[in-house]
Amino acid sequence: MRLMTGFREAVVDLGAIAANVTHLRTLIGTAHLMAVVKANAYGHGALPVARTVLAAGADWLGVADVEEALQLRAGGIDAPILAWLHDPDVDFAPAISQGVDLGVSSARQLRQAADAAAALGRTASVQLKLETGLNRNGVHEPDWADVFALAAGFERAGLLSVRGLFSHLSNASPSDDADAIGRFERGVRLAADAGLTPSLTHLASTAAALRLPAARFSMVRIGIGLYGLSPFEDQSSHDLGLVPAMTLRGRVAAVRRVAAGAGVSYDYLWRAPEDGNLALVPLGYADGVPRQTSGAARVRIGGGTHPIVGRIAMDQFVVSVGQVDVAVGDQVVLFGDPATGVPSATEWADAAGTINYEIVTRIGNRVPRNYRGPEQDAPSGIDLTVTQAPDAPGPEG
Ligand SMILES: *Cc1c(COP(=O)(O)O)cnc(C)c1O
């Protein structure tokens, strides 16, 4: 069965991801780098991305929940993995059996980890998450001493080992982040007083890892930077030396010449101001194209950039190409690396009133992910058997 005609596809450049890891490691310089591959690696494909980042020098993987961690294990990933967001009634046994570190945010979760470890006759590896100002999860400061004492007791009983302490920043302002760093440092000292000896301390995600050296500690948790996107409004991927890894593209499914005044798509949000050509693109909001960008985003077809006109529908949208001749089958790029002349994911985010994280992460299941390898200088050990379309045309094809 060959469905890979480029009808709609997200091309993921694993070489770009490997280069981003190398660049970030050099820039940040911490002893450890956790690659955050939650949510299907921000839409890029958890397994191929995990293999790539590990080969490129990341030594930890981070995911939100245990299910995501177990999927990585099932895919043959044996690197250290941390999962930090849990169902209230989670069964930690499978994670402990498979050597997944548990991010623990409460005494309740600590007991769940210890109970599961006791039942298995194993030691759970946990990392305590401290609340330092984000007010999502994490052990609340008034409970730190009690939770550290409980953890130390479980350690003495051989039920668990506290491998790390971590927290997460709000990025609200430099002074808010400085407060959080101060609180985190107090927590680290208090944990030592309680007899805990975690080998890892970590606080920074991409933004703080790049701009706030004081937040780096022994490890940083890098998500968006792996994928070559900037977490900042005032610096682009290019400014940061990162290469966007995902190109979302499709092929023109129909062309139409319309007369001035013709309405286009549902509700006739747009009417042709003059006689002109339209191209139909087979991606819609089911594929993650934000409906809010109706009339507000642009795509690349051939050598030109053209506006989306009218409502974006579930499966398709229309582009006005004016007097340009486009043909059925021509390639349409929604976003990719702007250095190649195509719109960026950030440009789509601005059009949709959201952030580039959401643009890539929301790409739907109907869009196949097709992988490009790290080419000649492929780090050994990368298994590219997930590659689906070795003979599909390149970005210019
Ligand atoms: C998602 C996430 C990250 C990664 O953040 P980026 O801004 O994508 O680098 C790091 N830490 C935690 C706890 C997260 O939930």
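Because the structure is a prediction, the values reported are computed rather than measured. (Residues numbered from 1 in each chain as written. Predicted model: local features only at pLDDT ≥ 70, side-chain atom pairs only at ≥ 80, totals over all residues. Heavy atoms only, no water.)

**Quick look at the environment of R221**
Convention followed: Numbering goes from the N terminus for both helices and strands, where a helix is a DSSP run of H or I of at least four residues and a strand is a run of E of at least two. Each residue is assigned to one of three classes by its accessible area relative to the maximum for its type, calculated with a 1.4 Å probe on protein chains only: buried under 20%, partly exposed between the two thresholds, exposed over 50%. Note on definitions: a residue-residue contact is assigned when non-hydrogen atoms from the two residues lie within 4.5 Å. Polar contacts here mean pairs of N or O atoms no more than 3.5 Å apart (in protein, one a potential hydrogen donor and the other a potential acceptor; neighbouring residues in sequence count only if both atoms are side-chain atoms).
With respect to the helices, strands and loops of the structure, R221 is situated in strand β9 (residues 219-222). The exposure class of R221 is buried, given its relative accessible area of 5%. For the pair formed by R221 and L33, sequence separation is 188 residues and the distance between their alpha carbons is 6.3 Å. Discounting residues that sit within four places of it in the chain, R221 has contacts with M34, V36, W84, F166, S167, H168, H202, L203, A204, S205 and T206. Side-chain polar atoms of R221 contact the backbone oxygen of L203, separated by 3.4 Å.

**Describing the environment of G158**
Here G158 lies in the loop between α7 (144-156) and β7 (160-166). For G158, a relative accessible area of 36% gives the class partly exposed. Dropping the residues within four chain positions of it, G158 is found in contact with R122 and T123.

**What about the site of the ligand?**
To keep things clear, this is the line we draw: We call a residue near a molecule or strand whenever a single non-hydrogen atom of that residue lies within 4 Å of it. Here the accessible surface of atoms and residues is derived via Shrake-Rupley with a 1.4 Å probe, and residues count as covered only by protein chains that are part of the display. Each residue is assigned to one class: nonpolar for Ala, Val, Leu, Ile, Met, Phe, Trp, Tyr, Cys and Pro, charged for Asp, Glu, Lys and Arg, and polar for all the others, Gly among them.
Every residue lining the ligand is accounted for by V36, K38, Y42, W84, H168, S205, T206, R221, I222, G223, I224 and Y357. Backbone polar atom of I224 to an oxygen atom of the ligand: 2.8 Å apart, as the coordinates give it. Burial of the ligand by the surrounding chains reaches 93%, relative to a free accessible area of 390 Å². When residues of the shell around the ligand are traced back to their parent elements, those giving at least two are α2 (38-42) and β9. When grouped by side-chain class, the residues that make up the shell around the ligand number 6 nonpolar, 4 polar and 2 charged.

**Notes on the pattern of salt bridges**
Spelled out, the test is: Salt bridge, as used here, is a side-chain nitrogen of Lys or Arg placed within 4 Å of a carboxyl oxygen of Asp or Glu.
For the structure on display, the rule yields 11 salt bridges. Salt-bridge contacts for D234 lead to R211; the nearest nitrogen and oxygen are separated by 2.7 Å. With a gap of 23 residues between them, D234 in the loop between β9 and α10 (237-240) and R211 in helix α9 (residues 206-211) connect regions that are remote in the sequence. With a closest N to O distance of 3.1 Å, D267 and R311 form a salt bridge. On the criterion of sequence distance, the pair formed by D267 in the loop between β12 (263-264) and β13 (270-271) and R311 in the loop between β16 (304-309) and β17 (317-322) is long-range, its members being 44 residues apart. It is possible to trace a salt-bridge network through shared partners that takes in R8, D287, D315 and R366.

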